[in-house]
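Chain and residue survey
The primary structure of each chain is shown beneath.
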Amino acid sequence: MADPWRLLIDTNSYADFSVSISPAIERAVVEGNSPPTVFLNIFDSDSVTIGMNEDPEQTLNLKLCASEGVYFRRRPSGGGAVYAGEGSAFLIYFLPTTHAKVPQKNAEAFPQILGAMAETLSNRYGFPASYRPLNDIEVEGRKLIPTSLKIENGVMTFRIVVNITPIDTSFAGRLLPMPPEKVADKELKDLSSRFTYLEKEADRNFDERELELMTRDIVMCSFGEGLTLGRTTKLEQEYAGRFRALYESEEWLFAKSERTLLQPILRNGDTVGYGRSKAVGGLIRATLALRENKIIKAIINGDWHPRPLESVSWLEEKLIGVEAEFTAIRGKIEQFLSDDEVEFAGVTIEDLMSAIKVALENQDVR
């Protein structure tokens, strides 16, 4: 008989939860030491996280973070920067892919799970929530729910930030400056008009009990499973402490930054160029460092959802030594994306080459 699905409910900041408890539960489920788990975490303070394949120096206004004391972390999952306010919540699935209704691929998971969630919110609260590819739920063009996803080691970790209470969108907009490519395909362009929250759309307040009932309905609609209320184990708590120490380090935080990957290897006469493009799956940032017309380092950052997560670094390695010529680079990337082990959901070869083309054409001498 299969293990009953466990529901955990707690209060932590978004950023701290993302770098401690979340990877701890995931590891325990992967190891088979914990049952399939759904976690409802209610945020007790404001905070920010960026995705694993993002650079805080590109994504955040670090001077504002420092002056305002904003707590931010780089989480060990995909997706982009998210500002999560006190009173809003995290709904996370830690589910083995052996379950018949748990998707095996990112491109399948987003429509299935977010489609069911949008249907549940609409039915329960009476407003027109809808799934927007690849990874959003919107209400008449206003973003209600950002998400990130990881399917690795036989477990799907699907992270959903449920914006329940309002945030200061003016402050958030200064904290997370938005490149124009990011909103090129959006009808609503500025942060205050693009984002909404559950209390506004449902026209009601949400306490912990209502959030629990909502969660149970969403899980039943998505997977046909009931939930048994439980607690974190001692093993999970031990893992959380280990992960917090790892993911709070400067080494981890700036692992995808120029200061780490580029500055130590540059010589006089090397050139560096930058490019951006927007795919259905998210924003792509390409940084190319050239020497004698060859790539000596490629940094491919962005807020899409690769599977596995480290496959972006595999691509960066494949590009080292390639001639700094459009056709040669395209051929290498086409070969890379043909590998069945790699999935860049919502990102095409054209999307990647669009950012790389700009980087190639805008090289500056260092």
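What you see is a predicted model; the values in this text were computed from it and never measured. (Residues numbered from 1 in each chain as written. Predicted model: local features only at pLDDT ≥ 70, side-chain atom pairs only at ≥ 80, totals over all residues. Heavy atoms only, no water.)

Another aspect to go through is the pattern of salt bridges. As enumerated under the stated definition, the model contains 22 salt bridges in all. One salt bridge in this structure joins Arg-142 and Glu-201, with 3.1 Å as the shortest N-O distance. With a gap of 59 residues between them, Arg-142 in strand β9 (residues 142-152) and Glu-201 in helix α8 (residues 198-202) connect regions that are remote in the sequence. For Glu-201, a relative accessible area of 15% gives the class buried. (Salt bridge = Lys/Arg side-chain N within 4 Å of Asp/Glu carboxyl O. Helix = DSSP H or I, 4+ residues; strand = E, 2+ residues; numbered from the N terminus. Buried < 20%, exposed > 50% of the residue type's maximum accessible area, 1.4 Å probe, protein only.)

Take the nonpolar core next. If you look at the biggest cluster of nonpolar residues, it comprises 42 residues, and the most contacted ones within it are Tyr-93, Leu-121, Met-156 and Phe-158. Looking at this core, the element that brings in the most residues is helix α5 (residues 106-125), giving 8 residues. Dropping the residues within four chain positions of it, Tyr-93 is found in contact with Thr-37, Val-38, Ile-113, Met-156, Thr-157, Phe-158, Ile-160, Ile-218, Val-219, Ser-222 and Phe-223. One finds Ile-284, Ile-300, Val-312 and Ile-349 within the second-largest nonpolar core, a separate group that totals 27 residues. (Core = buried A, V, L, I, M, F, W, Y, C linked by side-chain atoms within 4.5 Å. Contact = heavy atoms within 4.5 Å.)

What follows deals with empty space enclosed by the protein. Throughout the structure, instances matching the rule amount to 2 cavities of 30 Å³ or more. Empty space within the largest cavity amounts to approximately 60 Å³. Residue lining of the largest cavity: Ser-18, Ser-22, Pro-23, Glu-26, Arg-75, Pro-76, Ser-77, Leu-149, Lys-150, Thr-157 and Arg-159, and that is the complete set. Examining the composition of the lining of the largest cavity, we find that 3 residues originate from one element, helix α2 (residues 21-31), more than from any other. Class assignment for the residues of the lining of the largest cavity results in 3 nonpolar, 4 polar and 4 charged. Volume-wise, the second largest cavity comes out at about 40 Å³. (1 Å grid on protein atoms, 1.4 Å probe; cavity = no way out; pocket = protein on both sides within 12 Å on 5 of 7 lines; lining within 4 Å. Points joined across faces, edges and corners; volume = space filled by probe spheres on them. Nonpolar A, V, L, I, M, F, W, Y, C, P; charged D, E, K, R; others polar.)

Another point: the sheet that holds strand β17 (residues 364-365). The sheet built from 4 strands is open, its strands ordered β14-β13-β12-β17 with antiparallel pairing. At either margin of the open sheet sits one strand with a lone partner, and together these are β14 (294-302) and β17. Sheet topology places strand β12 (residues 271-279) next to strand β13 (residues 282-291); 9 bridges connect them, and they run antiparallel. If you follow Ala-279 over to β13, its bridge partner there is Gly-282. (Pairing = 2+ DSSP bridges.)

All right, on to the sheet that holds strand β3 (residues 47-50) then. Reading across from one edge, β4-β3-β5 is the order of the 3 strands in this open sheet, with mixed pairing throughout. Edge positions in the sheet fall to β4 (72-74) and β5 (82-84), since each has one partner strand and no second. Along the sheet, successive strands turn relative to each other by an average axial angle of 20°, direction set aside. The sheet contact formed by β3 and β4 spans 3 bridges and is parallel. (Axes fitted to C-alpha atoms, helices over the stretch in contact; angles between N-to-C directions.)

With that settled, consider the packing of helix α13 (residues 311-319) against helix α14 (residues 326-337). Following both chains from N to C, one finds α13 and α14 inclined at 145°, their axes separated by 10 Å at the closest point. Read as a crossing pair, α13 and α14 show a hand that is right-handed. In contact with Ser-311, Trp-314, Leu-315, Lys-318 and Leu-319 of α13, α14 contributes Ile-329, Lys-332, Ile-333 and Phe-336. Among the residues making up the contact of α13 with α14, the classes are represented as 6 nonpolar, 1 polar and 2 charged. (Left-handed = near helix turned anticlockwise from the far one by under 90°.)

For α14, spanning 12 residues, the distance from its first C-alpha to its last is 16 Å, which sits close to the expected 16 Å at 1.5 Å a residue. On the buried face of α14, the contacting elements are β14, α13, β16 (343-345) and α15 (349-361). Capping the start of α14 is the job of one residue whose side-chain oxygen sits 3.1 Å from the backbone nitrogen of Thr-327: Glu-325. (Expected span 1.5 Å × (residues − 1). Polar contact = N/O pair within 3.5 Å; in protein donor to acceptor, adjacent residues only side chain to side chain.)

The next subject is the packing of aromatic side chains. The full count for this structure, using the stated rule, is 15 aromatic pairs. When the centroid spacing of 6.2 Å and the interplanar angle of 80° are considered together, the rings of Tyr-83 and Phe-171 count as edge-to-face. Here the residue Tyr-83 occupies a position in strand β5, and Phe-171 occupies one in helix α6 (residues 169-175), the gap between them amounting to 88 residues. With respect to burial, Tyr-83 and Phe-171 carry one shared label: buried. Over the ring of Tyr-239 we find Arg-27, and its NZ or CZ is 4.1 Å from the ring centre. If you follow Arg-74 out to its NZ or CZ, it ends over the ring of Trp-252, 3.9 Å from the centre. (Phe/Tyr/Trp six-rings, centres within 6.5 Å; stacked < 30°, edge-to-face > 60°. Lys NZ or Arg CZ within 6 Å of the ring centre and 35° of its normal.)

Here the residue pair Pro-133 and Leu-134 is connected by a cis peptide bond, since its omega of 10° sits within 30 degrees of zero. Tracing the backbone shows Leu-134 in the loop between β7 (129-132) and β8 (136-139). The omega torsion across Arg-307 and Pro-308 is -10°, close enough to zero to call that bond cis. Inspection of the secondary structure assignment puts Pro-308 in the loop between β15 (305-307) and α13.

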